[in-house]
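Here are the chains, one letter per residue:
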Amino acid sequence: MSKRKLAAGNWKMNGLAAALSEIDALSQSLQNADREVVLCPPATLVQAMAAKTAGSPIEVGGQDCHAAASGAHTGDISAEMLADAGARYVIVGHSERRADHGETDDEVRAKTEAAWRAGLVAIVCIGETEAQYRAKETLQVIDTQLAGSLPDSVTGANTVIAYEPVWAIGTGLVPEMDEIGEVHGAIRQRLSDRFGADTAAAVRILYGGSVKPGNATEIFAVPDVDGALVGGASLKASDFGPIANALAGH
Ligand code: 13P
C-alpha cells in the first residue's frame, strides 16, 4: 500500500477563536485527493477545531505533549488530553521547543511514546541549525536526533518525520532541492537500517521551513519528500489550500 502524502500546518502560538473561520475557507479550497491535511492549532483551539472539522478531510493535531498521562505538571498538556479533545496527531521535538524549552532527544523520545500510548500519530521534528549547516554537519545532526528521538517501535502508522532546517524556519530561505533530497534520502536510509526497509518505506518524511504556495510544487517533486510541515503559510487558507492541493498531484 502506498502511503498517503501529508500536508500539516503548525499554527505555533497564533490563533484566537476567530481564526477558526479559516477552516471554512480551507475546506472549500481543498481539491478531492488521496492525501491527508492536518492542522495543529494552539492547544486552546484543539477541541473547537476538531468539532468544526468533523466530517471534513481536515484532521487536527497538538503542537507538543508531556510524556506523562497526567499529574502535577502545571501548564503542561498530555497526549491523552489532546486525543480526548479530538486530536489525531501531535508534533514533538519542534526546534522551537528544543531551543525555547531545552528539550532533549531523550525527552522527545518519551513524548513520542506518550503520543503512541494515547493513540496519536507523532510528528517528530529534526533539523540542523545554521551553524551546523555551515559546518556541513547536517547528516551527523540528523543521525543523532533520529537515533535519540525515535523509540524502537516506529511504524508508518504511528510516526511521521519532519525535517526542518532551523535556518529555513520563518526566514524565507529554503535549501537547494538536491540538498533536501540528500537529507530525506539519508533519513529514509537510517530508518531502513534501524526498522527495516518496509517500515522505512511506509514512514512519511515531511519537509518544513518556508514552504509557500510558490515553492511547494518544486519541493514535493523531490524524491523522498512525502509532504510538508508548514508554519506561517498554514495560517491562511489562501496559502495552505494551494500547498495542500500541490501535494495532490504527487
Ligand atoms: P515556516 O513555514 O513559517 O517557515 O515554519 C516552519 C515550521 O517551523 C513548521 O513547524
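Overview of the structure. Treat the numbers as computed from the prediction; the structure is a model and nothing was measured. (Residues numbered from 1 in each chain as written. Predicted model: local features only at pLDDT ≥ 70, side-chain atom pairs only at ≥ 80, totals over all residues. Heavy atoms only, no water.)

Another point: the pairing of strand 7 (residues 204–208). Within strand 7, 5 of the 5 residues are buried, leaving the element largely enclosed by the surrounding structure. Of the two faces of strand 7, the one lined by Arg-204, Leu-206 and Gly-208 and the one lined by Ile-205 and Tyr-207 are each fully buried. Two elements, strand 6 (residues 159–163) and strand 7, share 4 bridges in a ladder whose sense is parallel. By the bridge assignment, Ile-161 is partnered in strand 7 with Ile-205. Pairing geometry for strand 7 and strand 8 (residues 227–230), over 2 bridges, is parallel. (Buried < 20%, exposed > 50% of the residue type's maximum accessible area, 1.4 Å probe, protein only. Helix = DSSP H or I, 4+ residues; strand = E, 2+ residues; numbered from the N terminus. Pairing = 2+ DSSP bridges.)

Below, the discussion takes up the environment of Asn-32. Along the chain, Asn-32 turns up in the loop between helix 1 (21–29) and strand 2 (35–40). It is 8.6 Å that separates the C-alpha atoms of Asn-32 and Asn-245, two residues lying 213 residues apart in sequence.

Near the ligand there are 13 residues, and of these Lys-12, His-94, Gly-170, Ser-210 and Gly-232 occur at the shortest range. One nitrogen or oxygen atom from the main chain of Gly-232 is found 2.8 Å from an oxygen atom belonging to the ligand. Taking 310 Å² as the accessible area of the ligand by itself, protein coverage stands at 96%. In the shell around the ligand, the residues fall into 4 nonpolar, 7 polar and 2 charged. (Near = heavy atom within 4 Å. Polar contact = N/O pair within 3.5 Å; in protein donor to acceptor, adjacent residues only side chain to side chain. Areas by Shrake-Rupley, 256 points an atom, 1.4 Å probe, with all protein chains shown as cover. Nonpolar A, V, L, I, M, F, W, Y, C, P; charged D, E, K, R; others polar.)

Once that is clear, we can look at the side chain of Ser-149. Take Ser-149: it is sitting in helix 7 (residues 138–149). For Ser-149, a relative accessible area of 0% gives the class buried. At a separation of 3.1 Å, a polar atom in the side chain of Ser-149 contacts the side chain of Arg-98. In this structure Ser-149 touches Arg-98, Asp-105, Val-108, Arg-109, Thr-112 and Val-124, once residues within four positions along its chain are discounted. (Contact = heavy atoms within 4.5 Å.)

Moving on: helix 2 (residues 43–53). Within the sequence span of helix 2, burial applies to Leu-45, Val-46, Met-49, Ala-50 and Thr-53. Looking straight down helix 2, one finds that the buried residues subtend no more than 140° of arc, so they occupy a single side. In helix 2, the exposed positions angled more than 90 degrees off the buried face are occupied by Thr-44, Gln-47 and Ala-51. Where helix 2 is buried, its residues meet helix 1, strand 2, strand 3 (58–62) and helix 3 (79–84). Backbone geometry just downstream of helix 2 places Gly-55 in the positive-phi region, at approximately 80°. (Arc of directions from axis to C-beta.)

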